[in-house]
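Breakdown of the fold
The chain contents come next:
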Amino acid sequence: MDIFEKRSLIRAAITRRGHGPPSLNHGTNAPSPLAPDQLLFHNALMLDMRLVRENAAGVQERLATRGAGDEGKIDELLKWDEKRRTLLAQAETLKSQRNRVSKEIGALMAQKKAPEAEAKKAETRQIGDQITQLDKDVAEIEKSRDAILLTIPNLPHESVAIGRSAEDNPVMRHWGEKAQFDFEPKNHIDICERLKLIDFARGAKLSGSGFLLYTNWGARLERALIQYLLDLHTTSHGFTEVSPPYIIGRHCMVGVGQFPKFVDQAYAVQEGMDAGTMGQLYLLPTAEAPVANIHREEILREDQLPIYYCAYSPCFRAEAGAAGVGTRGMIRVHQFDKVELIKIVMPEDGYVELEKMVANAETVLQQLGLHYHVIMLCTGDMGFASAKTYDIEVWAPGQKQYLEVSSCSNCEDFQARRMNLRYKTATGENRFPHILNGSGTALARLFVALIETHQQPDGSIKIPAALQTYLRAEVIKVDSE
RNA sequence: GGAGAGAUGGCUGAGUGGUUUAAGGCGCACGCCUGGAAAGCGUGAUUACCCAAAAGGUAACGGGGGUUCGAAUCCCCCUCUCUCCGCCA
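Each chain carries its own residue numbering, running from 1 in the written order of its sequence. To read the labels, note that chains go from A and ligands from 1, taken in the order they are written. Side-chain atom pairs in this predicted model are given and counted only at pLDDT of 80 or more, local residue features only at pLDDT of at least 70, and totals for whole chains, interfaces and linings cover all residues. Just so you know, side-chain values use all the structure's heavy atoms and leave hydrogens and water out.

Strand E8 (residues 307-316) sits mainly inside the fold: 9 of its 10 residues count as buried. Pairing between strands is defined by DSSP: at least two bridges between the two strands are required. Where helices and strands are cited, they refer to DSSP runs of H or I of at least four residues and of E of at least two residues respectively, numbered from the N terminus. With 3 bridges connecting them, strand E3 (residues 240-242) and E8 associate as parallel partners. Looking at the pairing, Val242 lines up with Ala311 of E8. The pairing of E8 with strand E9 (residues 335-345) spans 10 bridges and is antiparallel. Each residue of the ladder has a partner; that of Pro314, found in E9, is Asp337. Per-residue accessibility, obtained with a 1.4 Å probe over protein chains only, is compared with the maximum for each type, and a residue is labelled buried under 20%, exposed over 50%, and partly exposed between these values.

Right, here's the structure in full:
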């Protein structure tokens, strides 16, 4: 069987978007899964349109710091916005007229004055035609406007370092030191094969390259880590554990800003297996997607905030275009486990909460005795939805490189707008909360750093004390059964 | 998977084409009354958009479309919930 046959079988049930047959439900003219009008389910905006109107120059300036050229979209956005408001005002005036005349008709009918009523009907009918046209125009304009808005990333916070790429990310701090060995440390692939923690060959046999088969103590270590992480964040850091669906609707992906930009990175469930108005279903790329959306389209009470959620889930990523870059081993895989942290907080608390979240993720590495540093992503390297992001990179001695195991972001109200999540203040005002997400932490790379850091001269792995009660072992040895 | 019944405001619940400007009840807030309460009486209370603001206007009765001068109400599609049957870990 060649590689293409293998891949087509893998994707028989799970296909990337756009490559499957049209669904029966949709007929042969199935709409593009990403038509703008399919992406929005309400009128909330990604960037605050009022802010864009009132301070276009400021918005453009912030966007420009990302170096992606999005600031060029603002002028067109404003053009659509102005046109929309003009037409909307016209339509509403006409509707007001029609409502008034309709009432008069009702009154005439009640008085059995049919001829007069008929005359007014003709008048109203004509107004109605104009309204229909205006409504159509406005809808078109909103479609154009939203198509642009959906592709504009969040504005970076003022405190974020200006830069173009990962090389410009400032290191904020580090903890511990690079582990020293009086022997040549092995990399995780060798360790896994020797200790039979992962069966790379059979994982690939099952699902293709980039899929892992954890075996025996490897599987147990993975499970122990999940359990340890959830326990830590729930009991010590005050998070409420949730366990979300792993298959989620398109609207959730749009809500957190994964779509439309990263649609190629998601595994789509077979076309036709969609959820009606929720649209096409996808395997989650991160638990952030379902968990941040838990309260979408709700109005929370201020006293419900802050909300802290943590969730374990596997994460599925197509990693299209990433082939060949560190693909061997566990560093970049199509499916990995992660414990995710999500916070929904009042805007004034957003940045304090971000620092706390990073500290919560750092605790993991400290307790496991792993050297790491925290970097701030510069404007040019930040994710689409984020206003400010810290990455935690753990040292992997076998790789001789730092691996990203956590990315903690404050998305401010960017996601809340997309999903129309608000909270009501004590004074009765509705506001968008800040939504934060952070890995607490990603498992596959944590696994790598753990076994590479704690490997012993005899090839065994010493288990850190914090993990021993979960794994029920102090060491993993070659002859461990 | 099959059959049926539903979805109305904070909750409950009326409303089968025109003072619905969504009744009534419960709960809520404020006021009157009271020594204080209860009861009673009165007032208020959704969301979004347009408008610099105010005034005003428009829209929303699960979601979308249609009929009509006019739709919570009639028609079509979808989603969700409940009941029964079937299947299933």
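Another aspect to go through is the sheet that holds strand E10 (residues 372-376). Here we have 8 strands laid out as an open sheet, ordered E2-E10-E11-E12-E15-E9-E8-E3, and mixed in their pairing. The strands lining the two open edges of the sheet, one partner per strand, are strand E2 (171-175) and E3. Direction aside, the axes of adjacent strands within the sheet are offset by 25° on average. Pairing analysis gives 3 bridges linking strand E12 (residues 401-410) to strand E15 (residues 434-442), with the strands arranged antiparallel. Looking across to E15, one finds that Cys408 is bridged to Gly438. Interaxial angle, 0 to 180 degrees, is taken between N-to-C directions of lines fitted to C-alpha atoms, where a helix line uses only the stretch in contact.

Here we come to helix H5 (residues 74-110). How far a helix is expected to stretch is found by multiplying one less than its residue total by 1.5 Å. Look at H5: 53 Å from first C-alpha to last across 37 residues, which is about the 54 Å you get at 1.5 Å a residue. Turning to H5, its buried residues number three or more, namely Ile74, Leu77, Trp80, Asp81, Arg84, Leu87, Ala91, Leu94, Val101, Ile105 and Leu108. At its buried positions, H5 is contacted by helix H3 (49-54), helix H4 (56-64) and helix H6 (114-149). Trailing H5 by a residue or two, Lys112 shows a phi angle of about 60°, which is positive. Only heavy atoms enter the contact rule, under which two residues are in contact if any of them lie within 4.5 Å.

Criterion for a salt bridge: a side-chain nitrogen of Lys or Arg within 4 Å of a carboxyl oxygen of Asp or Glu. Counted according to the given criterion, the structure contains 20 salt bridges. A salt bridge links Asp81 to Arg85, with the nearest nitrogen and oxygen atoms 3.3 Å apart. Here Asp81 and its partner Arg85 are both found in helix H5, 4 residues apart, which amounts to about one turn of the helix. According to the relative accessible area criterion, Arg85 is partly exposed, its value standing at 39%. Between Glu353 and Lys356 there is a salt bridge; the shortest N-O distance is 3.6 Å. Of the two residues, Glu353 and Lys356 both sit in helix H12 (residues 350-367), 3 residues apart, roughly one turn of that helix. By relative accessible area, Glu353 is classed as buried at 7%. Linked by salt bridges that have partners in common, Asp48, Asp413 and Arg417 make up one network.

This part is about the nonpolar core. Formed by 69 residues in total, the largest nonpolar core has its most connected members in Leu197 and Met330. By residue number, the principal contributor to this core is helix H9 (residues 217-236), which donates 9 residues. Beyond its immediate chain neighbours, meaning those up to four positions away, Leu197 contacts Cys192, Leu213, Tyr214, Thr215, Trp217, Gly218, Ala219, Phe447, Ile451, Ile461 and Ile476. Side-chain atoms within 4.5 Å link the members of a nonpolar core, which is a set of buried Ala, Val, Leu, Ile, Met, Phe, Trp, Tyr and Cys residues. Counting residues in each nonpolar core, the second largest holds 36 residues, with Tyr282, Leu284, Ala311 and Ile435 among its members.

This part is about the state of the cysteines. The criterion for a disulfide is a pair of cysteine sulfur atoms lying within 2.5 Å. This model, assessed by the stated rule, comprises 0 disulfides. Cys310 takes part in no disulfide bond, and the closest cysteine sulfur, belonging to Cys408, lies 13 Å away. According to the relative accessible area criterion, Cys310 is buried, its value standing at 1%.

Take the packing of H9 against H12 next. At their nearest, the axes of H9 and H12 sit 11 Å apart, and the two run at 130° to each other. Here H9 is positioned oblique relative to H12, judged by the angle of their axes. Both H9 and H12 take part in a crossing whose hand is right-handed. From H9, Tyr228, Leu229, Leu232 and His233 reach across to H12, where they touch Asn360, Thr363, Val364 and Gln367. Across the contact of H9 with H12, the residue classes break down as 4 nonpolar, 4 polar and no charged. For classification, angles of less than 35 degrees are called roughly parallel, those exceeding 145 degrees roughly antiparallel, those between 65 and 115 degrees roughly perpendicular, and all remaining angles oblique. Helix crossings fall into two classes, left-handed where the near helix is turned counterclockwise from the far one by less than a right angle and right-handed where it is turned clockwise. Under the grouping applied here, Gly and all other residues not named as nonpolar or charged are polar, the nonpolar ones being Ala, Val, Leu, Ile, Met, Phe, Trp, Tyr, Cys and Pro and the charged ones Asp, Glu, Lys and Arg.

Attention shifts here to the protein's contact with RNA strand B. Taken together, 22 residues are adjacent to RNA strand B, and Glu92, Ser102, Thr124, Arg125 and Lys424 come closest. Here, proximity means that at least one heavy atom of the residue falls within 4 Å of the molecule or strand. Protein-adjacent atoms of RNA strand B, using a 4 Å cutoff, are sugar or phosphate at a proportion of 70%. In the analysis that follows, any N or O atom pair within 3.5 Å is treated as a polar contact, provided that within protein one partner can donate a hydrogen and the other can accept it, and provided that, for residues neighboring in sequence, both atoms belong to side chains. Asn99 is positioned such that a nitrogen or oxygen atom in its side chain is 3.2 Å from a phosphate oxygen of RNA strand B. Here Ser102 contributes a backbone N or O atom positioned 2.8 Å from a base nitrogen of RNA strand B.

Moving on, we come to the sheet that holds strand E14 (residues 430-431). If you trace the 3 strands from one edge of the open sheet to the other, you get E7-E13-E14, paired in mixed fashion. With partners counted over all chains shown, the strands left at the sheet margins are strand E7 (299-301) and E14, one partner each. With 2 bridges joining them, strand E13 (residues 422-424) and E14 adopt antiparallel strand pairing. In the strand pairing of E14, Lys424 is matched with Asn430.

For the rest of this paragraph, the subject is the packing of aromatic side chains. In this description, a pair of aromatic rings is defined by centroid distance and the angle of the planes. Only rings of Phe, Tyr and Trp enter the pairing, Trp through its six-membered ring, and a pair is recorded when the two centres are within 6.5 Å. The plane angle decides the type: under 30 degrees is stacked, over 60 is edge-to-face, the rest tilted. Tallying each qualifying case throughout the model produces 8 aromatic pairs. Judged by centre distance (4.9 Å) and plane angle (35°), the rings of Phe239 and Tyr308 are tilted. Of this pair, Phe239 sits in the loop between H9 and E3 while Tyr308 sits in strand E8, and the two are 69 residues apart along the sequence. You'll find Phe239 and Tyr308 in the same group, each marked buried. Ring geometry for Phe259 and Tyr282: centres 4.8 Å apart, planes at 85°, overall edge-to-face. Taken together, the positions of Phe259 in the loop between helix H10 (250-255) and strand E5 (267-269) and Tyr282 in strand E6 (residues 281-283) put the pair 23 residues apart, joining distant regions of the chain. Here the two residues Phe259 and Tyr282 agree in accessibility, since each one is buried. Consider the ring centre and the ring normal. A charge sits over the ring if Lys NZ or Arg CZ is within 6 Å of that centre and within 35 degrees of that normal. In this structure, Arg220 is placed above the aromatic ring of Trp217, and the distance from its NZ or CZ to the ring centre is 4.0 Å.

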